[in-house]
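Okay, here's what each chain looks like letter by letter:
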Amino acid sequence: MSGAVDLSGLKQPPAGAPGAAANGGDYAVNEANFETKVLRRSVQVPVVVALYSQRSPGSVELVRTLERLVGEANGAWDLATVEAEANMRIAQAFGVQGIPTVIAVAGGQPLADFQGAQPEPQVRQWLSAVIDAVAGKLPGGEEPQEAPEDPRFVAAETALEQGDLAGAEAAYEAIIAAEPGNEEAKGALRQLRFLGRAQNIPASAIATADADLGNVDAALDAADVEMLDQQPEAAFDRLIAVVKRSAGDDRTKARTRLLELFELFDQAEPFVVAARRKLAAALY
C-alpha cells in the first residue's frame, strides 16, 4: 500500500472540523489533529490508524483490542482511532471500502493495511511485521548517543589549540605507538607535520622556485606554500613537473614529497586521482 494514497490534503484541516472523535478516547483522531497525531508522529514510530463505526460491533471490538495491545507495546507503535462517519475525508484519503479498516502509517506514508475484524493472534502477527519493517528506518527516531571523546585526542587537540605543536605531535605519536592501526591519529599527525613545516616557509618561495626551475628544494617549499593556500592541484602539478625533468635523488625527493601531500586528502578525491595518473605518466 506504500505510496498508493496521498495524505497531504489532511495536513491542513478544513474550517469547522470537529474537535474530537465520537469515542473521546486518548487515541481519537479527526481532521483537526490528524497531522499531529498521525503524520508527524509516524516519523518517530509507526502509527496504526483504525477506521471504525459505532454501528459496527466488530469494528468497535477491534478498536478495543488495539487499545489494549498499544498499552502493552512500550512505545514501539502508536494508535489512532478514527470514527469513519464523522471523518469522511480521512476515510476517502485512505480509499477505505469497508469498516473496519486498519492502516499502518510510517514516515508519513501508508505502509500496510487490512480490512475486516481479525482475531487477536493475527493482529499481533501483523503488528510485529509492521514494527520489523520500519526498524531503524524512521528519521525521527531517537538519536543515537554520541560516543564519549577519547581523552588522548582531546589532549592532542588542546595542545594544538594552545600552539604547542610539539606537544600535539607527541600526543599523536603516543596514540600510534599504542595502536599502530589508528588511522585517525595517523592522519592528524600527517596534517600536523605538514603544518609545522609549511607555516615557516615565506610566501616568496613560489617566486623563488619559478625563477630557478632546477632548484628542487625551492620547488618543495613552493608546493608547501601552495598547499597551505588551499591550492593542492597547483602543488601537485609543480612537483609532477619536477619529477618529469629530474632524475636520481632529485626525482626521488620530489616524488616522496608528492606522495606525502597526497596522504593529506581522501584518496578518492578526483583531483588526487587525477594527480596520481599524471605522476604515473611522468614516471613511466
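One can find the structure itself at the top, above this paragraph.
Residues numbered from 1 in each chain as written. Predicted model: local features only at pLDDT ≥ 70, side-chain atom pairs only at ≥ 80, totals over all residues. Heavy atoms only, no water.

Cis geometry is found at the peptide bond from Ile-99 to Pro-100, where omega equals 0°. Turning to its location among the elements, Pro-100 is positioned in the loop between helix 3 (88–94) and strand 3 (101–106). Within the chain, Asn-74 stands out as a residue other than glycine whose phi angle is a positive 55°. Looking at the element boundaries, Asn-74 is found in the loop between helix 2 (57–71) and strand 2 (78–83). (Helix = DSSP H or I, 4+ residues; strand = E, 2+ residues; numbered from the N terminus.)

Let us now look at helix 2. Residues three or four positions apart in an α-helix share a direction because the helix packs 3.6 residues into each turn. Given a rise of 1.5 Å per residue, 15 residues ought to cover 21 Å, and the 21 Å separating the end C-alpha atoms of helix 2 matches this to within 8%. Along helix 2, the residues classified as buried are Ser-59, Val-60, Leu-62, Val-63, Thr-65, Leu-66, Leu-69 and Val-70. (Expected span 1.5 Å × (residues − 1). Buried < 20%, exposed > 50% of the residue type's maximum accessible area, 1.4 Å probe, protein only.)

What follows deals with the pattern of salt bridges. The tally for this structure, following the rule as stated, stands at 22 salt bridges. Of the charged contacts in the structure, one is a salt bridge between Asp-150 and Arg-152, with a shortest N-O distance of 2.8 Å. A residue is classified by how much of its surface remains accessible, and Asp-150, at 26% relative accessible area, is partly exposed. Given the relative accessible area of 30%, Arg-152 is considered partly exposed. Where Asp-224 meets Arg-197, a salt bridge forms, and the shortest distance between an N and an O atom there is 2.5 Å. Placement of the pair is Asp-224 in helix 9 (residues 216–228) and Arg-197 in helix 7 (residues 183–198), with a sequence separation of 27 residues. For Asp-224, a relative accessible area of 0% corresponds to the buried category. Through salt bridges that share partners, Arg-68, Glu-72, Glu-120 and Arg-124 make up one connected network. (Salt bridge = Lys/Arg side-chain N within 4 Å of Asp/Glu carboxyl O.)

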